[in-house]
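As a plain string of letters, each chain reads:
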Amino acid sequence: MAGRYFGQPIRRNEDPALLTGQALFTDDVHLPGMVHVAFLRSDYAHARIRSIDVSRALERPGVIGVYTAEDLGDYWQPGPLLVPPPPVEDIIFHQRTQVPLAKGKVRHVGEPVVMVVAESRYIAEDALEDIFVDYEPLPPVVDIEKALEPDAPLVHEDLGTNLAARVVQRKGDYEAAKAKADVVISRRFYYDHGLAAAMENRGIVAHWDPKMQYMTIWDTTQAPVVIRNGLARMLGLSESQVRVIAPFIGGAFGPKIMMFYPEEVLIPWLSLKLKRPVKWIEDRRENFFATTHERYQVHYAEIALTRDGRILGVKDRFYHDTGAYDPYGLTVPINSQCTLLGPYDIPAYHSEMNVVFTNKTIVTPYRGAGRQHGVFVMERLLDIAAKELGIDRTEIRRRNFIPPDKFPYNNEVIYQDFVPLVYDSGNYEPALELAKKLIDYDRFLKEEQPRLRAEGKHVGLGIVAYVEGTGIGPYEGARVQVETTGKVNVATGVGTQGQSHFTSFAQIVAEQLDVDVRNIRVVTGDTAEFHWGTGTFASRGAVVAGNAIHAAAKKVREKVLQKASEEFGVPPEELELRNGYVYTQDGRSISLADLAVKANPLRGAVKPGTEPGLEATMYFGPERGATASGVHAMIVEVDPELMDVKIRKYVVVHDCGKVINPLVVEGQIHGGVAQGVGNSFYEEIVYNEDGQLLTASFMDYLLPTAMEVPPIEVGHVETPSPWNELGTKGAGEAGAIPTAAAFVQAVEDALADYDLEILEAPLSPNRLFELLKEAKQKKEG
Amino acid sequence: MKPPAFKYLAPTTVDEAVAYLAEYGYDAKPLAGGQSLIPTMNFRLAQPAVLVDLNRVQELSYIRPAEDGGVLIGAMTRHVQVERSDLVAQRLPLLHETVPFIAHPQIRNRGTYGGSISHADPAAELPAITVAHRGRVQLRSTRGSRWVPAEEFFLGLFTTALEPDEMVVEIALPALPPRTGWAFDEFSRRHGDFALVGVAAAVTLSAQGRVDEVRLVFMGVGDRPMTSAAAPAVLVGQEPSDEALEEAAQRAAQEDIDPFGDVHASAAFRRHLASVLAKRVLTRAVERAQAR
């Protein structure tokens, strides 16, 4: 239903403010009397705290207070479990959530131990150097497989194990499938992920106004409503006394949905206690330790196939590093477990997930949220199978795609939203064909690659498919109101961190009310404007909030037509909405502004049951998510002397159902691919055996820049979701999901003469050097 | 990431600056472009009590022809000025070729020649190039001034011949001899990063086309710029054949460097890169020498 507004490449409403520096970010909040916080964080991965001496810090001029866990009294509580474990039979799940300040023991480098509040951040940081913590270092848990050995040191002694969870999911009978197989391939895969490294770090300003008895909090969160509700409860205030504003945020990518961060709990508490505005802005160094990561998984995976490349079954046992705590439950590893199945019709699946506590920063979702791990394993298995069976790599994928007539397709495993993973719709073959066409697959393999190889160049192609479960529940809501000014107000509870909500949400409303998108003011992430909702995550804004806005806009349209119908004495179906006016067939008209005035009479009487204004609030809660899909392809050139890899061409064919704004979707894809490129060859979190983070600055943690990210060609395929009225599917994470799988395949292809099999990501020049050395030694026997 | 408090002084002349350095000695640190010092202060790795900001010392910013055919560069000359200098392009093509490898344009707009060599990061370009050019560095203090050859200026990791009361005021870079070809190359993870390894080469050929002289200087593979002894030993007096250049590169990478390992590259990989890059720059330098 691409309409006048919906589906159009409309320029972004938010850009003028952002581009002229007028947008409010958390650090832009300056209040009279504001004080500043800095945290003393653990230098050890694992240590007992013998004692803390803060006396010298308290003497420093300008220091207002110094707090340890003991000083918090009853307010010191482990954080809530944000996502409970899924209802899977025989599940093991041990809940250990983060604490505001470490008590007795520190469990990862960067865990906050002491909070200092001072007249300036400079003084607060000076005071950190005055504090003495007497630590007794303990052996750290770093390697996830060794962590489960019987004599391993324990992150949480009271548990008696480092196993945080074990979940076994099954579909069909894998062993029976294997018995019928012509080929069985098994490998060990290693996949490390990175950290989000959003341009804006986290930050919180809390302002308790004792005279108003009102708390205002600016927080770089993806879930302002949930933060407000939780904080009100913790602080003993009414929800109506707490307003949480998630203003403009410079990127989030998942880690800002994590809650409650220690700082999020402490800064408002401090403001209430001091009766002064309190600010804490995370600096980049803190961000490396204190904002959640995604981390590594090890998979022992096996695929059983027939001779002609049909998948009979897949078996996987994997280990997932959750870091020191598991407040986000099993979302990341469940995503890996489910997404591994991809776009393929797999009759039998057996997957054992083992989640492991380690002495590292907490792991919670970051763009892709574990899906890349699953995609990587599945796509690599298919690459190896294709080689072994002598089948073209795109052909083996094509043969195993779920055919379009098999939807909805039930994977029979429980997904992150606690219900069986059922794909709503999909049509995978056209996407593969389009990607092959855009990357010029046949010509590259038949002509280009042989020619370049003859010139001594090492060029290779990678092409992979993936699905992304998006748009999950529980629900979002929205209020749409036509003002007496003629402008339209839209308010929703989700936060915004660069997704173009101010434009795409406005387009959804414009399509119903036929008003200029620029006349629609969208408010997100302010609990004073809308206080129901869960947050921005899991690529769900366009699906869940989008459909709630759509429903509210439709309702307002009905009200508009009803009101106009009363005005003109004409049935609603004979009226037309155009450019902010309602027209009758005989040429009479009234503006939405005038209708809004009439809908809010100041004297006289209204009919019983009349609601004032042209306003509606609606909610949308999908029973199940919507499954997006796509194909990525790239061509790389490898310098096997310098071990450098350059991406020469990159193609994405993407199916996110109905597209609200193609500019926005392409932007999402470009950004995702950039992060995927980082995750393939540049970004790597490195901990040493002591649990020290060795990559804690942008000198060592390498983000791809404009020089490393290739131009990206995007092709669209539209398979609408039948499970929501707009037909949308999420688009937020897809760009980042299959990149490493495609990259590794391409590098392997480029180095075909070395007979390399790459079972890991990310790569680096140094790692390629080692892999090539191993391959050479193997060849020479 | 806020520095502790410090005293800030902003002299406008060299005399004034060295007077401050004499007064505060070890407690003082001169601030040039600030591209290394300021981050280290924000990380609280450096905590100077006194910062002597040289950015207002106009007399230190210049590029002048030297009488010997080389170039004189004032310590506060920005990388971008060197990059865009016609004089440098004409007289010092090796330096001209190298400057664009220094970090990013924003950093080159602020960073200075004197600052870079005083900081003496062994992975930085200018220390290696200053050595490759057989440059000399002029140091000043209230006690007077002295010239130090580049080879003797760089003493180790972030360590130079500078006394606490001294500062670099000028760098003298002689031109390369006739029939000399040059080349610089480096490998970094991303464009503009500190290189894993960099190599500068200058090869002088005799009228008969044999190698008269070779300078091969590595960066990023030791505690200072590393000058190869093996390359001249292999090549001088020889025809610069591909095999000879290969042997020179291999031996230089085996004998003349002392690479370390970090998160980006193991020592073994750095050694491998050093041999690959050495071969590449030697080859290009010989080609250029032959074309002259």
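All right, on to the domain arrangement of chain A then. Residues and elements named next belong to chain A. Each assigned domain of chain A is listed with its residue range as follows: domain 1 (15–21 + 473–620), domain 2 (32–138 + 201–291) and domain 3 (297–472 + 623–780). For domain 2 and domain 3, the distance between their C-alpha centres works out to 36 Å. Taken together, the contacts link 35 residues of domain 2 with 31 residues of domain 3. Summing both partners gives a buried area of about 2,700 Å² for domain 2 against domain 3, and 67% of it is carried by carbon and sulfur.

Attention shifts here to unusual backbone geometry. Residue and element names in this part refer to chain A. Put simply, M259 and F260 share a cis peptide bond, and its omega is -10°. Mapped onto the elements of the fold, F260 is located in the loop between β12 (242–245) and α6 (262–274). Between F407 and P408 the backbone carries a cis peptide bond, its omega angle lying at -5°. Within the secondary structure, P408 is located in the loop between α10 (393–400) and β17 (409–414).

The next point concerns the nonpolar core. Core analysis: the biggest nonpolar cluster contains 197 residues, and V636 and V747 of chain A together with L216, F218 and L282 of chain B have the highest contact counts within it. Per-element accounting of this core gives the leading share, 11 residues, to helix α12 (residues 267–291) of chain B. Once residues within four sequence positions are removed from consideration, L282 of chain B is found in contact with A201, V203, V214, L216, L235, L245, A248 and A249 of chain B. Listed in part, the 45 residues of the second largest apolar core include Y5, V480, V556 and L575 of chain A.

Another aspect to go through is empty space enclosed by the protein. All names here are of chain A. This model, assessed by the stated rule, comprises 9 cavities of 30 Å³ or more. Roughly 110 Å³ of volume is contained in the largest cavity. Residue lining of the largest cavity: 18 residues in total, with H108, P112, P262, A290 and I362 positioned closest to the centre. Among the elements of the structure, α6 and α7 (284–290) are those that each provide at least two residues to the lining of the largest cavity. Taken together, the residues that form the lining of the largest cavity break down as 9 nonpolar, 6 polar and 3 charged. Both of domain 2 (32–138 + 201–291) and domain 3 (297–472 + 623–780) provide at least three residues apiece to the lining of the largest cavity.

Attention now goes to the sheet that holds strand β12 (residues 197–205) of chain B. Residues and elements named next belong to chain B. Here we have 4 strands laid out as an open sheet, ordered β11-β12-β13-β14, and antiparallel in their pairing. The sheet terminates laterally at β11 (180–187) and β14 (226–227), the two strands that pair on one side only. In the sheet, β11 pairs with β12 via 8 bridges, with the strands oriented antiparallel. Residue pairing in the sheet places W182 in a bridge with A202 of β12. Against the sheet, helix α8 (residues 125–132) touches β11, β12, β13 (211–219) and β14, its axis set at about 160° to β13.

A word on the sheet that holds strand β26 (residues 614–620) of chain A. Residues and elements named next belong to chain A. Pairing is mixed in the open sheet, where 4 strands are placed in the order β22-β21-β20-β26. Strands at the two margins of the open sheet, each flanked by one partner only, are β22 (520–524) and β26. Mean inter-strand twist for the sheet, computed between neighbouring axes without regard to direction, equals 15°. Pairing between strand β20 (residues 476–482) and β26: 7 bridges, direction antiparallel. By the bridge assignment for β26, Q481 is matched with E615. Those strands touched by helix α13 (residues 501–513) are β20, β21 (488–492) and β22, and its axis lies near 130° from that of β22. The sheet strands contacting helix α14 (residues 541–568) are β20, β21 and β26, and the helix crosses β26 at an angle near 150°.

Let's shift gears to the interface of chain B and chain A. Many authors give the size of an interface as the accessible area that is lost as the parts come together. Each partner contributes residues to the interface: chain B has 25 residues there, and chain A has 31 residues. When the buried area of chain B at its contact with chain A is split by residue, M1, R189 and R190 of chain B rank highest and sum to 27% of it. Taken together, the links from chain B to chain A amount to 4 salt bridges. The partner of D126 of chain A in a salt bridge is R44 of chain B, with the nearest N and O atoms 2.7 Å apart. Where chain B touches chain A, the interface holds 16 residue pairs in polar contact (both at pLDDT 80 or more). If you tally residues by element for the side of chain B that touches chain A, the top one is α12 of chain B, at 7 residues. Taken together, the residues of the side of chain B that touches chain A sort by class into 13 nonpolar, 6 polar and 6 charged.

The two faces of a sheet get side chains in turn, since along a regular strand they alternate between them. All names here are of chain A. Where strand β4 (residues 92–93) meets strand β8 (residues 163–171), 2 bridges bridge the pair, whose relative direction is antiparallel. For F93, the partnering residue across the bridge sits in β8 and is A165. As judged from the 8 bridges shared by β8 and strand β16 (residues 348–357), these two strands associate in the antiparallel manner. When the sheet's bridge partners are listed, R170 is paired in β16 with H350.

Turning our eyes to something else, we now look at the pattern of salt bridges. Applying the stated criterion across every chain yields a total of 84 salt bridges over all chains. Across the pair E448 of chain A and R451 of chain A runs a salt bridge whose closest N-O atoms are separated by 3.5 Å. Note that E448 of chain A and R451 of chain A are positioned in helix α12 (residues 441–454) at a spacing of 3 residues, about one turn of the helix. For R451 of chain A, a relative accessible area of 43% translates into the label partly exposed. The shortest N-O distance in the salt bridge between R146 of chain B and E166 of chain B comes to 2.7 Å. On the criterion of sequence distance, the pair formed by R146 of chain B in strand β7 (residues 144–149) and E166 of chain B in the loop between β9 (159–160) and β10 (167–173) is long-range, its members being 20 residues apart.

About the thresholds
Residues take numbers from 1 onward in each chain, read along the sequence in its written order. Working convention: letters from A go to chains and numbers from 1 go to ligands, in the order in which they are written. pLDDT decides what is reported in this predicted model: residues at 70 or higher carry local features, side-chain atom pairs at 80 or more are listed and counted, and totals for whole chains, interfaces and linings draw on all residues regardless. Excluding hydrogens and water, the side-chain figures rest on all heavy atoms present in the structure. Marked domain ranges trace back to an automatic or database domain assignment. Contacts were defined at the residue level, with two residues in contact if any of their heavy atoms lie within 4.5 Å. Once two parts are joined, some of their accessible surface, as seen by a 1.4 Å probe, is lost; buried area is that loss totalled over both. Runs of H or I in DSSP of at least four residues are treated as helices and runs of E of at least two as strands, each being numbered from the N terminus. Residues belong to one nonpolar core when they are buried, are Ala, Val, Leu, Ile, Met, Phe, Trp, Tyr or Cys, and are joined through side-chain atoms within 4.5 Å. We call a residue buried when its accessible area falls under 20% of the maximum for its residue type, exposed when it is over 50%, and partly exposed in between, using a 1.4 Å probe and counting protein chains only. The pocket and cavity definitions rest on a 1 Å grid over protein atoms only: a 1.4 Å probe that fits but cannot leave marks a cavity, an open set with protein on both sides within 12 Å along at least five of seven lines marks a pocket, and residues lining either have an atom within 4 Å of a point. Grid points are joined across faces, edges and corners, and a volume is the space filled by probe spheres set on the points. Classification used: nonpolar for Ala, Val, Leu, Ile, Met, Phe, Trp, Tyr, Cys and Pro, charged for Asp, Glu, Lys and Arg, polar for all others including Gly. Two strands pair under a simple rule: DSSP has to find at least two bridges between them. Between the N-to-C directions of two axes lies an angle of 0 to 180 degrees, each axis being a line fitted to C-alpha atoms and, for a helix, fitted only over the stretch in contact. Salt bridges are defined by distance alone: a side-chain nitrogen of Lys or Arg within 4 Å of a carboxyl oxygen of Asp or Glu. Whenever a nitrogen or oxygen atom comes within 3.5 Å of another N or O atom, the pair is scored as a polar contact, on the condition that within protein one atom can donate a hydrogen and the other can accept it, and that pairs from neighbouring residues in sequence are kept only if both atoms are in side chains.

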